[in-house]
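Chain residues, written in single-letter form:
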Amino acid sequence: MVAVVALRIGERSLPRYAHRFAPHTFTQPQLFACLVLKCFFRTDYRGIVAILHDAPLLRQTLGLSRVPHFTTLQKAAQRLLHFSRVRLLLTASFQLLMARRSRVRCAAADSTG
């Protein structure tokens, strides 16, 4: 369920690819969902790659035809977790998960995203 929600949030708030000349191997929402799973499983980049390699159903849920290299996830984290992006992701999370409420009193993000 975490993977589905993270992918949906990424699709709502992130462009499909970082730029038009990107290799189009993985979408930004897919990479974002992998980063969320990394935090969920409390592992490092190599650890989430191993988990994805061992879980074909999880890869299918994320729409991954292959597992990203750990450096791909590391570079995606640097690119996706800037303050402006985090604000978009928090807004999308709020709209998706708490649609009936109109305001959140306090929300925060730390340096790990």
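Quantities reported herein were computed from a predicted structural model and do not represent experimental measurements.

Asks: Any details on the packing of helix α2 (residues 28–40) against helix α3 (residues 45–54)? Residues and values, ideally.
Replies: Taken N-terminus to C-terminus, the directions of α2 and α3 make an angle of 105°; their axes are 9 Å apart at the nearest point. Relative to α3, the element α2 lies roughly perpendicular. Counting all contacts with α2, which are made through C34, L35, L37 and K38, the residues of α3 involved are Y45, I48 and L52. In terms of residue class, the contact of α2 with α3 is made up of 6 nonpolar, no polar and 1 charged.

Asks: So what about α3? Which residues, and what values?
Replies: For an α-helix, the turn length of 3.6 residues means that residues three or four places apart are oriented alike. Within α3, the full set of buried residues consists of G47, I48, V49 and L52. Those residues of α3 that are buried are in contact with α2, α4 (56–62) and α5 (70–80).

Asks: Got a sec to walk through the packing of aromatic side chains? Specific residues and values, please.
Replies: Evaluated as defined, the whole model comprises 1 aromatic pair. In this arrangement the basic side chain of K38 is found over the ring face of Y45, its NZ or CZ atom lying 4.8 Å from the centre. In this structure, R46 packs its charged tip against the face of F70, placed 3.9 Å from the ring centre.

Asks: Tell me about the layout of surface pockets, residues and numbers included.
Replies: As a volume, the second largest pocket reaches approximately 290 Å³. P23, F26, L31, T72 and R79 are, among the 16 residues lining the second largest pocket, the residues nearest its centre. Mapped onto the lining of the second largest pocket, the elements with two or more residues apiece are α2 and α5. For the lining of the second largest pocket, the element with the most residues is α5, which contributes 4 residues. Looking at the lining of the second largest pocket, its residues break down into 7 nonpolar, 5 polar and 4 charged.

Asks: Which residues make up the packing of α3 against α5, and what values do they have?
Replies: Their axes nearest at 8 Å, the elements α3 and α5 cross at an angle of 125°. The orientation of α3 with respect to α5, classified from their angle, is oblique. Along this stretch, α3 crosses α5, giving a crossing that reads as right-handed. Together, Y45, R46, I48 and V49 of α3 and F70, L73, Q74 and A77 of α5 make up the contact between the two elements. For the contact of α3 with α5, the per-class residue count stands at 6 nonpolar, 1 polar and 1 charged.

So, how was this worked out
Residues numbered from 1 in each chain as written. Predicted model: local features only at pLDDT ≥ 70, side-chain atom pairs only at ≥ 80, totals over all residues. Heavy atoms only, no water. Axes fitted to C-alpha atoms, helices over the stretch in contact; angles between N-to-C directions. Helix = DSSP H or I, 4+ residues; strand = E, 2+ residues; numbered from the N terminus. Parallel < 35°, antiparallel > 145°, perpendicular 65-115°, else oblique. Contact = heavy atoms within 4.5 Å. Nonpolar A, V, L, I, M, F, W, Y, C, P; charged D, E, K, R; others polar. Buried < 20%, exposed > 50% of the residue type's maximum accessible area, 1.4 Å probe, protein only. Phe/Tyr/Trp six-rings, centres within 6.5 Å; stacked < 30°, edge-to-face > 60°. Lys NZ or Arg CZ within 6 Å of the ring centre and 35° of its normal. 1 Å grid on protein atoms, 1.4 Å probe; cavity = no way out; pocket = protein on both sides within 12 Å on 5 of 7 lines; lining within 4 Å. Points joined across faces, edges and corners; volume = space filled by probe spheres on them. Left-handed = near helix turned anticlockwise from the far one by under 90°.

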